[in-house]
There are 2 protein chains.
Amino acid sequence: MKEYRIAVVGMGAVGREMVATLEKSSLPVSELLPLVRRNEGEPISFRGRTYKTVKVNKGVFKGVDIALFSAGEQASKELAPMAIEEGAVVIDNSNAFRMDPEIPLVVPEVNPLDAKKHKGLIANPNCSTIQMVVALKPLHDLYKIKRIVVSTYQAVSGTGYKAIDELNEQVSAYIAQEEIKNSVYPHQIAFNALPHIDVFLDNGYSKEEMKMHHETRKIIGDESIQVSATAVRIPVVRCHSEAVNIETEKPMPSVEEIKKILAEAPGVTVIDDVANDAYPLAADCQYKYGVFVGRIRKDYSIPNGLNMWVVADNLLKGAALNAVQIAELLAEKNWVSKDTGC
Amino acid sequence: MKEYRIAVVGMGAVGREMVATLEKSSLPVSELLPLVRRNEGEPISFRGRTYKTVKVNKGVFKGVDIALFSAGEQASKELAPMAIEEGAVVIDNSNAFRMDPEIPLVVPEVNPLDAKKHKGLIANPNCSTIQMVVALKPLHDLYKIKRIVVSTYQAVSGTGYKAIDELNEQVSAYIAQEEIKNSVYPHQIAFNALPHIDVFLDNGYSKEEMKMHHETRKIIGDESIQVSATAVRIPVVRCHSEAVNIETEKPMPSVEEIKKILAEAPGVTVIDDVANDAYPLAADCQYKYGVFVGRIRKDYSIPNGLNMWVVADNLLKGAALNAVQIAELLAEKNWVSKDTGC
């Protein structure tokens, strides 16, 4: 069985989850190469061995089969071409290449075949988009989704360790009745809800909101789907929650039937028993794999409407886990070598 | 000028805000009567005098002009008929009478004339509904709203003092790395998002979500408006935020024009300058009067769509302030005596 030499670029919140997820994965790894731009020499444990972080330099990707990037958009733009040039297949978690029509944007449960078309790089989608499309794809296949109105309740860990620290510090200051300071976010995040994720665009939407529109269409492969999103950061450490409202072209069956369809869908776990206060919760879904769906109910305001509540660990299915699943898919299907476009 | 004898029934989170709001209001008050079901004798300061809480008993409402009720649905059902019988006009903050077709449900900026039709009782709407209809009524008048999809980000103070304490205790336990306990909510509220407010109904919606549908139609006076709501509790102490998506029958003008319309609307303050990170925030709107609207942007997913972010202090405009404004309206228009139905 082939073993893979895997590089992980960036040791932030997502990079470390990539290492932890790789550790648990079935992927045969001959060697892990934890790459950083600063703080080299830090020990990283992986499957009983200790690797030290190495500074990214020219030539470092030689002999690497797959490089998982999570060092920010700028680092991806600078280093991914070098990694590809040196022979690695890059799975990139940043926004740098997602909407490039030449580059596959992959959620393995949704569009695994797109991964085959890679020319050395596969983009890992935005966290909010991944969990939504995993939950919606089975319904789109059957009833064709026309429009999605989604409001997000996003965790601070998506911004990285600094944001987790800021939330903890603000909460501690609040309890101690001290002044609340902010530097990572433009406003206090503790005990607040910020309708502001990523930068704002000319149309009044944030980039995060527009990612949910563009990436959903690309991943599901249907440019007729319309997405109107409001992306909101709330004081939660891990797991994004989403209130998702959909309108389908074809009539949907009963809620019981929809629950069955979703329960059987890949990567989806249905938690929906409101009589017993059971629905997916950020606090419960932390560190769990997959996408959790509940509060499934018909939207009576239109003929073919449905509401649901979708929760997933933004650092796992929303980032590291999805990237590792792409690596597993490439290995399983023997798609690690570049598609030469035959 | 006539002076009014005002009773406030219930000294919970909303009852105390009613006293504080009355204190600042222009309403001429000859005497305040703070009524409770337990803990009688507690001193309540009001306009330089100290009143002691009095236990509600038969006859206590004699001589009272207006009774503001905020002691829960059961207390309202039991005591409001007695208060009316004894001659008071009741403004009731509970859910007990809101959907009774004989009882006006009033937001003074939206349907002030409905207050005139009272037969001794006016219902104060649900907190989430009030702030939404204040923001939407000016647009409905001009462009006719067909459908609203709304997701809420609701503060714990709506549940009362016990919930504020529970959030603070959970946050303190989290910081101290101690076990997080819950009793007010069915799950941990700190660092979490609970898609569960009030009880669940047979259609899968929570009662809170259906209130937003039914009350919006009644207040705006248009039974053709459709509302699909997802009501979510988040770890915020004061102020509900709402991601509101609307579809209108008539085309809407530019976002700049809509901002002008809203800025001129009664009770609405527009905070919308995303280039400078300005949008309404729960943490900023605490203790403020009115309804704050921002993130106004066209929803390109349908022909006549619009998104906005609406924030208000749930204990003030969402409860105590709206009730006091109804009292002021009754006094100003001389509608305190019962409508005899002429």
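Rules used throughout
Residues numbered from 1 in each chain as written. Chains lettered and ligands numbered in written order. Predicted model: local features only at pLDDT ≥ 70, side-chain atom pairs only at ≥ 80, totals over all residues. Helix = DSSP H or I, 4+ residues; strand = E, 2+ residues; numbered from the N terminus. Rg over C-alpha atoms; globule rule 2.2 N^0.38 Å. Buried ≥ 20, exposed ≤ 12 C-beta atoms within 10 Å, placed from the backbone. Contact = placed C-beta atoms within 7 Å. Nonpolar A, V, L, I, M, F, W, Y, C, P; charged D, E, K, R; others polar. Least-squares fit on C-alpha atoms with pLDDT ≥ 70 in both. Domains from an automatic or database assignment. Pairing = 2+ DSSP bridges. Axes fitted to C-alpha atoms, helices over the stretch in contact; angles between N-to-C directions. Expected span 1.5 Å × (residues − 1). Arc of directions from axis to C-beta.

*Asks:* Teacher, can you tell me more about the overall build of chain A here?
*Replies:* Helices and strands together make up the secondary structure of chain A, namely nine helices and 14 strands. Here the C-alpha radius of gyration of chain A, 20 Å, is about what a compact globule of 342 residues would show, namely 20 Å. Across its three principal axes, chain A shows a C-alpha extent of roughly 60 × 60 × 40 Å. By residue count, 55% of the 342 residues in chain A fall in the buried class. Pairs at least 24 apart in sequence give 67% of the contacts found in chain A among residues at least 6 apart.

*Asks:* Would you mind going over the interface of chain B and chain A with me for this structure?
*Replies:* Many descriptions give the size of an interface as the accessible area lost when the pieces come together. Tallying the contact residues gives 48 residues for chain B and 48 residues for chain A. When contributions to the side of chain B that touches chain A are tallied by element, the ones reaching two or more residues are β9 (145-153), α4 (161-175), β10 (226-230), β11 (240-248), α7 (282-285), β13 (291-299) and β14 (305-312) of chain B. Grouping the amino acids of the side of chain B that touches chain A by side-chain chemistry returns 27 nonpolar, 16 polar and five charged.

*Asks:* What am I meant to see in the relation of the copies chain B and chain A here?
*Replies:* The second copy of the chain is related to the first by a rotation about an axis and a shift along the axis. Once chain B is rotated about the relating axis by 180° and shifted along it by 0.0 Å, it coincides with chain A to within an RMSD of 0.0 Å. The superposition of one copy onto the other is thereby described by a two-fold rotation axis. Comparing contact sets, 100% of the residues at the interface of chain B also lie at the interface in chain A, consistent with an isologous, same-surface contact.

*Asks:* Honestly, the domain arrangement of chain A in this entry has me stumped. Any pointers?
*Replies:* Residue and element names in this part refer to chain A. By domain assignment, chain A separates into domain 1 (4-124 + 319-333) and domain 2 (128-314). If you average the C-alpha positions of domain 1 and of domain 2, the two centres end up 25 Å apart. In this complex, domain 1 contributes twelve residues to the contact, which on the side of domain 2 involves 17 residues. Per-element tally for the side of domain 1 that touches domain 2: the top contributor is helix α9 (residues 316-333), with three residues. Of the residues in the side of domain 1 that touches domain 2, the class split is seven nonpolar, three polar and two charged.

*Asks:* Which parts of the structure should I look at to understand the sheet that holds β13(B)?
*Replies:* Pairing between the strands of a sheet comes from backbone hydrogen bonds, and it takes one of two forms, parallel or antiparallel. Residues and elements named next belong to chain B. Ordered by their spatial adjacency, six strands build an open sheet running β10-β9-β11-β14-β13-β12, and the pairing between neighbours is mixed. Sheet topology places β10 and β12 (268-270) at the edges, where each strand pairs with a single neighbour. When the angles between neighbouring strand axes are averaged without regard to direction, this sheet yields 25°. Here β11 pairs with β14 via eight bridges, running antiparallel. Residue pairing across strands places Val244 opposite Met308, the latter belonging to β14. Where helix α6 (residues 255-264) meets the sheet, its contacts fall on β12, β13 and β14, and the angle it forms with β13 comes to roughly 160°.

*Asks:* Explain the sheet that holds strand β6 (residues 66-69) of chain B here, please?
*Replies:* All names here are of chain B. Reading across the sheet, the six strands line up as β5-β2-β1-β6-β7-β8 and stay open at both edges, with parallel pairing between neighbours. Whereas interior strands pair on both sides, the edge strands pair on one side only; in this sheet they are β5 (54-55) and β8 (121-123). Strand direction decides the pairing type here: strand β1 (residues 4-9) and strand β2 (residues 29-36), joined by six bridges, are parallel. Across the sheet, residue Val8 finds its bridge partner in β2, namely Pro34. On the sheet, helix α1 (residues 13-24) packs against β1, β2 and β6 and is oriented at approximately 155° with respect to β1. Together, β1, β6, β7 (89-92) and β8 form the strand contacts of helix α2 (residues 73-85), whose direction differs from that of β7 by roughly 160°.

*Asks:* Would you explain α4(B) in this entry?
*Replies:* Residue pairs three or four apart in sequence face the same way in an α-helix, which turns once every 3.6 residues. For α4(B), which comprises 15 residues, the first-to-last C-alpha distance of 21 Å matches the rise-based estimate of 21 Å (1.5 Å per residue) to within 8%. Here α4(B) has its buried residues at B:Ala163, B:Glu166, B:Leu167, B:Gln170 and B:Val171. Along the axis of α4(B), the buried positions cluster into a sector of 130°, meaning they face one direction only. Residues of α4(B) that are buried make contact with α5 (161-175) of chain A. One or two residues past the end of α4(B) sits B:Gln177, with phi positive at roughly 55°.

*Asks:* Whenever I open this one, unusual backbone geometry confuses me. Can you help?
*Replies:* Backbone phi values are negative for most residues with the exception of glycine, while trans is the configuration of most peptide bonds. Within the chain, A:Arg295 stands out as a residue other than glycine whose phi angle is a positive 50°. Structurally, A:Arg295 is set in strand β13 (residues 291-299).

*Asks:* Before we go on, may I ask you to explain the pairing of β11(B) in this structure?
*Replies:* In regular strands, side chains alternate between the two faces of the sheet. Residues and elements named next belong to chain B. Across the nine residues of β11, nine count as buried, placing the element largely inside the fold. Residues His240, Glu242, Val244, Ile246 and Thr248 point to one face of β11 and Ser241, Ala243, Asn245 and Glu247 to the other, with burial holding for every one of them. Pairing analysis gives eight bridges linking β9 to β11, with the strands arranged antiparallel. Directly across from Arg147, in β11, lies its bridge partner Glu247.

*Asks:* Is there a simple way to think about the pairing of strand β9 (residues 145-153) of chain A in this case?
*Replies:* Residue and element names in this part refer to chain A. Of all nine residues in β9, eight are buried; the element is thus mostly enclosed. Relative to strand β10 (residues 226-230), β9 is paired through five bridges, and the arrangement is parallel. Across the sheet, Ser151 pairs through a bridge with Thr230, a residue of β10.

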